[in-house]
Amino acid sequence: SVHSYAELARLLDDRPVYAFQAQGVEGAAEPLTTIEEMAAAYLAELKTVQPEGPYLLGGWSMGGMIAYEMARQLRAEGD
């Protein structure tokens, strides 16, 4: 749940913080099935509010793996 990041976001009051809820958690859409798909979807959403970097990405557990893949995709795009 993105609510787990609320305290961290409060402590980072000098930076914008965006959290991404996994698609399908609330039943509105089918869940994405790969980390690569999730990272691409999150990047598309991120770029609607911040089209260009630099980006500071983070996460824990599977979220950390997704953040790493987001960074890998950004680098592949030259960002």
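Below: a short report on this structure.

What follows is about the environment of Ala 67. Locating Ala 67 in the fold gives a position in helix H3 (residues 62-76). Taking the C-alpha atoms as reference, Ala 67 lies 9.6 Å from Met 38; in sequence the two are 29 residues apart. When residues no more than four places from it in sequence are discounted, the contact partners of Ala 67 are Leu 57, Gly 58 and Gly 59.

Before going further, it helps to examine the packing of aromatic side chains. Applying the stated rule across the entire model yields one aromatic pair. Measuring from ring centre to ring centre gives 5.0 Å for Phe 20 and Tyr 42, while their planes differ by 10°; the resulting arrangement is stacked. Here Tyr 42 lies in helix H2 (residues 35-49) and Phe 20 lies in the loop between helix H1 (6-11) and H2, a separation of 22 residues in the sequence.

Once that is clear, we can look at H2. Helix length check: H2 (15 residues) gives 22 Å between terminal C-alpha atoms against 21 Å at 1.5 Å per residue, within 8%. Buried within H2 are the following residues: Met 38, Ala 39, Tyr 42, Leu 43 and Leu 46. An end-on view of H2 places all buried positions within 130° of arc, on one side of the element. Buried residues belonging to H2 abut H3.

A few words on the side chain of Glu 69. Along the polypeptide, Glu 69 turns up in helix H3. According to the relative accessible area criterion, Glu 69 is buried, its value standing at 7%. When neighbours within four sequence positions are excluded, Glu 69 is seen to be in contact with Ile 35, Glu 36 and Ala 39.

Quick notes on the rules
Residues numbered from 1 in each chain as written. Predicted model: local features only at pLDDT ≥ 70, side-chain atom pairs only at ≥ 80, totals over all residues. Heavy atoms only, no water. Helix = DSSP H or I, 4+ residues; strand = E, 2+ residues; numbered from the N terminus. Contact = heavy atoms within 4.5 Å. Phe/Tyr/Trp six-rings, centres within 6.5 Å; stacked < 30°, edge-to-face > 60°. Expected span 1.5 Å × (residues − 1). Buried < 20%, exposed > 50% of the residue type's maximum accessible area, 1.4 Å probe, protein only. Arc of directions from axis to C-beta.

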